[in-house]
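Coordinates in review
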Amino acid sequence: METISIQEKKKALRKEIKSRKANYSKEELKTISKPIIDKLLEDELIKNAHLIMAYFSMPDEVYTHTLLDRLLLLGKEVLLPVVISKTDMEIRYYKGKANMQIGAYGILEPMGEAFTNFKKIDTIIVPGVAFDHSGNRMGHGCGYYDRFLPKATHAKLLGICFPFQVVDEIPTEDTDQTIDKLVF
């Protein structure tokens, strides 16, 4: 009897989610992002946070571009990731789109000094390819967040995704980081 490795299961799940996303145009994904973002802004983890790490979404992710400015308008400080190598990312303050440049993977990233006082981060909005109701998350497979999240020991981790990205079970490994809450 042949057993399927965790990596093969993850690869198959990534392919399945990519297939589900293909049923939507970029504009449709942007439209269905709005109620997710509205729900996120009503969440206590966001309302009570002062310093929030978020992400600048790719076209097939929950659209966070307007979220970032809304968080600033609410008086929150916002951090975004910056990919610095094939294995690592750092975080920097988001000060508006004028202070951004195209970085790795064609994603806009903030310019400026790296932020290193990870204990001050209250909440991290975590992207993912898929999530389950047990708090497991699967990313794109590069491990950036799985390596970074253990550094932010005091932060609550809040995953956001489209409803079709929620699955019954994510195959996990010891290095995979779980989230505290999921908004979809």
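Residues numbered from 1 in each chain as written. Predicted model: local features only at pLDDT ≥ 70, side-chain atom pairs only at ≥ 80, totals over all residues. Heavy atoms only, no water.

As recorded in an unreviewed UniProt entry, the protein chain goes by the name 5-formyltetrahydrofolate cyclo-ligase, listed as coming from Prevotella bivia DSM 20514. Of the comments in the UniProt record for the protein chain, the one headed Catalytic activity (unreviewed entry) reads "(6S)-5-formyl-5,6,7,8-tetrahydrofolate + ATP = (6R)-5,10-methenyltetrahydrofolate + ADP + phosphate". The Cofactor (unreviewed entry) field of the UniProt record for the protein chain holds the comment "Mg(2+)". (UniProt positions renumbered as here; feature names shortened; annotations may be inferred.)

With respect to the packing of aromatic side chains
Scanning the entire structure with this criterion turns up five aromatic pairs. Seen from their ring centres, Phe 118 and Phe 148 are 5.3 Å apart, and the 85° between their planes marks the pair as edge-to-face. Pair noted here: Phe 118 is in the loop between strand E5 (108-110) and strand E6 (123-126) and Phe 148 is in helix H5 (residues 144-148), with a separation of 30 residues, a long-range link. You can call Phe 118 buried: its relative accessible area is 19%. Ring geometry for Phe 162 versus Phe 164: centroids 5.3 Å apart, planes at 10°, classification stacked. Residue class for Phe 162 comes out buried when judged on its relative accessible area of 0%. In textbook terms, an aromatic cluster arises when at least three aromatic residues are bridged by ring pairs, as seen for Tyr 24, Phe 162 and Phe 164. Seen from the ring of Tyr 63, Lys 30 lies directly overhead, with NZ or CZ sitting 4.6 Å from the centre. One residue, Arg 147, lies across the ring of Tyr 144, its end atom 5.9 Å from the ring centre. (Phe/Tyr/Trp six-rings, centres within 6.5 Å; stacked < 30°, edge-to-face > 60°. Helix = DSSP H or I, 4+ residues; strand = E, 2+ residues; numbered from the N terminus. Buried < 20%, exposed > 50% of the residue type's maximum accessible area, 1.4 Å probe, protein only. Lys NZ or Arg CZ within 6 Å of the ring centre and 35° of its normal.)

What about the packing of helix H2 (residues 26-42) against helix H4 (residues 65-73)?
Relative orientation of the contacting elements H2 and H4 amounts to 25°, with a least axis distance of 11 Å. The orientation of H2 with respect to H4, classified from their angle, is roughly parallel. Note on packing geometry: the crossing formed by H2 with H4 is right-handed. Note on element contacts: H4 touches H2 through Leu 67, Arg 70 and Leu 71, opposite Ile 37, Asp 38, Leu 40 and Leu 41. Residue classes in the contact of H2 with H4 are distributed as five nonpolar, no polar and two charged. (Axes fitted to C-alpha atoms, helices over the stretch in contact; angles between N-to-C directions. Parallel < 35°, antiparallel > 145°, perpendicular 65-115°, else oblique. Left-handed = near helix turned anticlockwise from the far one by under 90°. Contact = heavy atoms within 4.5 Å. Nonpolar A, V, L, I, M, F, W, Y, C, P; charged D, E, K, R; others polar.)

Notes on the layout of surface pockets
Of the voids in this model, the largest pocket is the one considered here, and its volume is about 700 Å³. As for the largest pocket, its lining consists of 34 residues, of which Arg 137, His 140, Cys 142, Tyr 144 and Tyr 145 are closest to the centre. Going through the elements one at a time, helix H1 (6-21), strand E2 (77-83), E5, strand E8 (137-138) and H5 are the ones with two or more residues in the lining of the largest pocket. Classifying every residue of the lining of the largest pocket gives 18 nonpolar, seven polar and nine charged. (1 Å grid on protein atoms, 1.4 Å probe; cavity = no way out; pocket = protein on both sides within 12 Å on 5 of 7 lines; lining within 4 Å. Points joined across faces, edges and corners; volume = space filled by probe spheres on them.)

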